[in-house]
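Observations on the three-dimensional arrangement
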Amino acid sequence: QVQLVESGGGLVQAGESLRLSCAASGRTFNWYSMAWFRQAPGKEREFVAATDWNGGFTYYPDSMKGRFTISRDNVKNTVYLQMNDLKPEDTAVYYCNALESLNPRGTYKSSDYWGQGTQVTVAS
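**A look at the state of the cysteines**
Tallied over the entire structure, the rule returns 1 disulfide. Shown here is the disulfide that connects Cys22 with Cys96, its sulfur atoms set 2.0 Å apart. A torsion of 60° about the S-S bond marks the disulfide between Cys22 and Cys96 as right-handed. Here Cys96 lies in strand 9 (residues 92-98) and Cys22 lies in strand 3 (residues 18-25), a separation of 74 residues in the sequence. With respect to burial, Cys22 and Cys96 carry one shared label: buried.

See below:
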């Protein structure tokens with residue numbers, strides 16, 4: 001098992017930047033590919049970004065490319081999401097997940113290992 005705790009969310013103005021952190025605990029952090037998801041009120045969960053278990057490759061949907069960057073530090077057992085040029089439509093609760101699987105083309109399967117989420121609110 002792995003336990004995940006997200007932090008770094010808050011209220012920002014459109015066009016500003018924010019960095020989220022996902023701190024992991026447990027014995028198996030290095031075994032997992034990791035991902036960020038988000039969910040806004042009344043919306044379905046949306047995939048944001050993913051990285052393999054050693055940070056060798058990353059994957060983003062087209063809508064996030066160029067603005068969001070995922071990275072990880074396995075020494076610190078932490079995954080990050082750098083978000084630039086934030087837009088009001090980025091407002092959501094952001095969750096990290098220890099993925100069941102991930103391939104270099106971005107095909108993934110999420111696991112039941114979720115954090116509690118961190119709220120990001122972007123004002124226009």
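And the narrative resumes.
**Quick notes on the sheet that holds strand 9**
Taking strand neighbours across the sheet as the criterion, the 6 strands line up as 2-12-9-4-5-6 in an open arrangement whose pairing is mixed. Both outer strands of the open sheet, strand 2 (10-13) and strand 6 (58-59), are each paired with one neighbouring strand and no more. Here strand 4 (residues 34-39) pairs with strand 5 (residues 46-51) via 5 bridges, running antiparallel. Paired with Phe37 across the strands is Phe47, a residue of strand 5.

**Remarks on the environment of Cys96**
What makes Cys96 buried here is its relative accessible area of 0%. In sequence terms Cys96 and Val79 are 17 residues apart; their C-alpha atoms lie 8.3 Å from each other. Setting aside its immediate chain neighbours within four residues, Cys96 contacts Leu4, Glu6, Cys22, Ala35, Trp36, Tyr113, Trp114 and Gly115.

**Considering the pattern of salt bridges**
Across all of its chains, the model carries 5 salt bridges by this definition. The partner of Glu46 in a salt bridge is Arg38, and the shortest N-O contact between them spans 2.8 Å. In this structure Glu46 comes out as partly exposed when scored by relative accessible area, which is 31%. With a shortest N-O distance of 3.5 Å, Lys87 and Asp85 are connected by a salt bridge.

**With respect to the side chain of Asp90**
Mapped onto the secondary structure, Asp90 falls in the loop between strand 8 (78-83) and strand 9. By relative accessible area, which is 1% here, Asp90 ends up buried. Once residues within four sequence positions are removed from consideration, Asp90 is found in contact with Arg38, Arg67, Phe68, Asp85, Val120 and Val122.

**Some remarks on the side chain of Thr51**
For Thr51, the position within the fold is in strand 5. Within the structure, the side chain of Thr51 is placed 3.3 Å from the backbone oxygen of Phe57, a separation counted as a polar contact. In this structure, Thr51 is in contact with Ser33, Met34, Phe57, Thr58, Ile70, Arg72 and Leu102, ignoring residues within four places of it in sequence.

Analysis parameters
- Residues numbered from 1 in each chain as written.
- Predicted model: local features only at pLDDT ≥ 70, side-chain atom pairs only at ≥ 80, totals over all residues.
- Heavy atoms only, no water.
- Disulfide = S-S within 2.5 Å.
- Helix = DSSP H or I, 4+ residues; strand = E, 2+ residues; numbered from the N terminus.
- Buried < 20%, exposed > 50% of the residue type's maximum accessible area, 1.4 Å probe, protein only.
- Pairing = 2+ DSSP bridges.
- Contact = heavy atoms within 4.5 Å.
- Salt bridge = Lys/Arg side-chain N within 4 Å of Asp/Glu carboxyl O.
- Polar contact = N/O pair within 3.5 Å; in protein donor to acceptor, adjacent residues only side chain to side chain.

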